[in-house]
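# Chains, contacts and geometry: an overview
Chain by chain, the residues:
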Protein chains: 2
Amino acid sequence: MTDYIAPLQTLIEQFRRLPGVGSKTAVRFALSVLKFTEEEAARFADAVIGAKRDIHSCRICHNISAGEVCPICSDPDRDAETICVVEDAQDVMAFERVRNYRGLYHVLGGLLNPRKQISAEELHIEELLDRVEAGGVKEVILATNPTFEGDTTALYLAKLLSKYEGVKVTRLAYGIPVGGDLEYADEITLDRALQGRNTIR
Amino acid sequence: MTDYIAPLQTLIEQFRRLPGVGSKTAVRFALSVLKFTEEEAARFADAVIGAKRDIHSCRICHNISAGEVCPICSDPDRDAETICVVEDAQDVMAFERVRNYRGLYHVLGGLLNPRKQISAEELHIEELLDRVEAGGVKEVILATNPTFEGDTTALYLAKLLSKYEGVKVTRLAYGIPVGGDLEYADEITLDRALQGRNTIR
């Protein structure tokens, strides 16, 4: 480990906090900041502070939002009978890019994970139940990732939601990605695709 | 392109300024900042401002330094007769990790590059000539990368330095990396290795 002068070391450590950034990348980022003008560095720092200060969590769905309620939740044209439950704001963005989904969202803010000690209380699960309890919801789509944590969280939510009889609880379809090649699909995906097979005639 | 709320968009744009960061990574970084506490975000921002404020360029070698003169230039145990010329501060770190080099450095702050309009005036070339002119230097090692720009810059410097008769001008050896496999070496590297071959008996 090379010794860096203190202010550089501090900056490297901050960059290492970003997801997927190892020490080499952090050094590269830190050195690139040194090439900024003072004004550019101030702009960068302001963007960090500003984002944290001005972006909140939507009071209803917990998606990121500039206002108290996000544009999706306040859009009267969205189908309020359907709630798509996702792990985080990035998943909302992914669905919004598809442009086919017109329902609302509910951002959990994570997944159940005993290893990382993320329990149900730390996720926005209570708030989801409150929304369903309030009525008007006909379907809850559990759209967590098809990972161990995502599946566990979906199962847990499905169980909690089972008491609301009029509410359909669904899970996203998992299988071979469109354009994918069977030959290269991993066994678990292939198994999912097989189990989820549809009748075409 | 997804539309992001303004403060998020601003932060994404700032992260995109970092080397090798595309839009997807920038979004991931920006969203991870939203998970920081206010205090953590402030610490991150301070690190950026602080690095820019407290890190300067060494008056002698132009390496990054907390003081006016860097620890290497002010170390009386270093061999002041040898100057290793590199592109940037990262190259100095790479040499320092080897721990075998005891001479001084000179950081050019870039390479000659007509495409990016980087000309000799923008690099610390004049300052290098001043150091050699001042006397006491016996060897200048041109340690720019073996790329088109690196080679061009080295050739240019070699020409400028040729007027100092007592000063040996050398270039790093380029060839097959230690532990490398001839079979997988690209043609240019192999050609360099061949041209730079040494007599062993």
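Interface size is commonly expressed as the accessible surface area that is lost when the partners come together. Taken together, the contact pairs 47 residues of chain A with 47 residues of chain B. Carbon and sulfur atoms make up 75% of the area that chain A and chain B hide from each other, which totals about 4,500 Å². Put simply, chain A and chain B have 2 salt bridges between them. The shortest N-O distance in the salt bridge between glutamate 40 of chain B and arginine 17 of chain A comes to 3.1 Å. In this assembly, chain A and chain B are joined by 6 residue pairs in polar contact (both at pLDDT 80 or more). Elements supplying a minimum of two residues to the side of chain A that touches chain B: α1 (6–16), α2 (23–34), α3 (38–54), β2 (64–65) and α4 (89–98) of chain A. Of all the elements, α3 of chain A adds the most residues to the side of chain A that touches chain B, at 15 residues. In terms of residue class, the side of chain A that touches chain B is built from 28 nonpolar, 8 polar and 11 charged.

What follows concerns the domain arrangement of chain A. Partitioning chain A into structural domains gives domain 1 (6–54) and domain 2 (64–199). Summarising the inter-unit geometry, the C-alpha centres of domain 1 of chain A and domain 2 of chain A are found 33 Å apart.

One chain copy maps onto the other through a rotation about an axis and a shift parallel to that axis. Mapping chain A onto chain B calls for a screw motion: a turn of 180 degrees about the axis and a shift of 0.1 Å along it, with 0.1 Å RMSD after fitting. The superposition of one copy onto the other is thereby described by a two-fold rotation axis. Considering only C-alpha atoms, the part of chain A nearest the rotation axis is alanine 45 of chain A, at 2.1 Å. When the interface residues of chain A are mapped onto chain B, 100% of them again fall at the interface, so both copies present the same face.

This next bit is on the state of the cysteines. Counted according to the given criterion, the structure contains 0 disulfides over all chains. Not part of a disulfide, cysteine 70 of chain A finds its nearest cysteine sulfur in cysteine 61 of chain A, a span of 3.7 Å. For cysteine 58 of chain B, which is in no disulfide, the shortest distance to another cysteine sulfur is to cysteine 61 of chain B and amounts to 3.8 Å.

Turning our eyes to something else, we now look at the packing of aromatic side chains. Following the criterion strictly, the structure yields 15 aromatic pairs over all chains and no others. Aromatic side chains phenylalanine 36 of chain A and phenylalanine 44 of chain A sit 6.0 Å apart centroid to centroid with 45 degrees between the ring planes, which places their arrangement in the tilted category. In terms of burial, phenylalanine 36 of chain A and phenylalanine 44 of chain A fall into one category: buried. For the pair phenylalanine 95 of chain A and tyrosine 105 of chain A, a centre-to-centre distance of 6.2 Å together with 50 degrees between the ring planes defines the contact as tilted. In this pair, phenylalanine 95 of chain A sits in helix α4 while tyrosine 105 of chain A sits in strand β4 (residues 103–107), placing the two residues 10 residues apart along the sequence. One aromatic cluster in this structure is built from Phe15, Phe29, Phe36 and Phe44 of chain A together with Phe15, Phe29, Phe36 and Phe44 of chain B. Between arginine 17 of chain A and the ring centre of phenylalanine 36 of chain B, over which it is positioned, the NZ or CZ distance is 4.3 Å.

Take the sheet that holds strand β5 (residues 139–142) of chain B next. Residue and element names in this part refer to chain B. An order of β4-β3-β5-β6 is seen for the 4 strands of this open sheet, with the pairing classed as parallel. Every interior strand has two partners, whereas the edge strands, β4 (103–107) and β6 (168–171), have only one. Each strand axis lies, on average, 25 degrees off the axis of its neighbour in the sheet, ignoring direction. Looking at chain direction, strand β3 (residues 79–86) and β5 are connected through 4 bridges and run parallel. Residue threonine 82 lies in a different strand from β5, and its bridge partner there is glutamate 139. In this fold helix α4 (residues 89–98) packs onto β3 and β4, with an angle of close to 160 degrees to the strand it touches most, β4.

On to the pairing of β4 of chain A. Of all 5 residues in β4 of chain A, 5 are buried, a share of seventy percent or more. Regarding topology, α4 of chain A serves as the crossover connection from strand β3 (residues 79–86) of chain A to the parallel β4 of chain A, and that connection is right-handed.

Bringing the sheet that holds β3 of chain A into the picture now. Residues and elements named next belong to chain A. Sheet architecture is open: 4 strands sit in the order β4-β3-β5-β6, paired in parallel fashion. Strands with a single pairing partner mark the edges of an open sheet, and in this sheet they are β4 and β6 (168–171). Averaged over all pairs of adjacent strands, the angle between their axes in this sheet comes to 25 degrees, without regard to strand direction. As paired strands, β3 and β4 are joined by 5 bridges and run parallel to one another. Residue pairing for β4: valine 86 is matched across the bridge by valine 107. Here α4 sits on the sheet and contacts β3 and β4; the angle it forms with β4, its principal contact strand, is near 160 degrees.

Bringing the pattern of salt bridges into the picture now. As a working rule, side chains carrying opposite charge can pair if their charged atoms are close by. Throughout the structure, instances matching the rule amount to 16 salt bridges over all chains. Between arginine 115 of chain A and glutamate 149 of chain A there is a salt bridge, with its nearest N and O atoms 3.0 Å apart. Here the residue arginine 115 of chain A occupies a position in the loop between β4 and α5 (125–133), and glutamate 149 of chain A occupies one in helix α6 (residues 148–161), the gap between them amounting to 34 residues. Lysine 138 of chain B is the partner of glutamate 81 of chain B in a salt bridge, and the nearest nitrogen-oxygen pair spans 3.4 Å. Linking glutamate 81 of chain B in strand β3 with lysine 138 of chain B in the loop between α5 (125–133) and β5, this pair joins segments that are 57 residues apart in sequence.

Criteria and thresholds
Residues numbered from 1 in each chain as written. Chains lettered and ligands numbered in written order. Predicted model: local features only at pLDDT ≥ 70, side-chain atom pairs only at ≥ 80, totals over all residues. Heavy atoms only, no water. Contact = heavy atoms within 4.5 Å. Buried area = accessible area lost by both parts, 1.4 Å probe. Salt bridge = Lys/Arg side-chain N within 4 Å of Asp/Glu carboxyl O. Polar contact = N/O pair within 3.5 Å; in protein donor to acceptor, adjacent residues only side chain to side chain. Helix = DSSP H or I, 4+ residues; strand = E, 2+ residues; numbered from the N terminus. Nonpolar A, V, L, I, M, F, W, Y, C, P; charged D, E, K, R; others polar. Domains from an automatic or database assignment. Least-squares fit on C-alpha atoms with pLDDT ≥ 70 in both. Disulfide = S-S within 2.5 Å. Phe/Tyr/Trp six-rings, centres within 6.5 Å; stacked < 30°, edge-to-face > 60°. Buried < 20%, exposed > 50% of the residue type's maximum accessible area, 1.4 Å probe, protein only. Lys NZ or Arg CZ within 6 Å of the ring centre and 35° of its normal. Pairing = 2+ DSSP bridges. Axes fitted to C-alpha atoms, helices over the stretch in contact; angles between N-to-C directions. Right-handed = clockwise from strand over helix to strand, strands pointing away.

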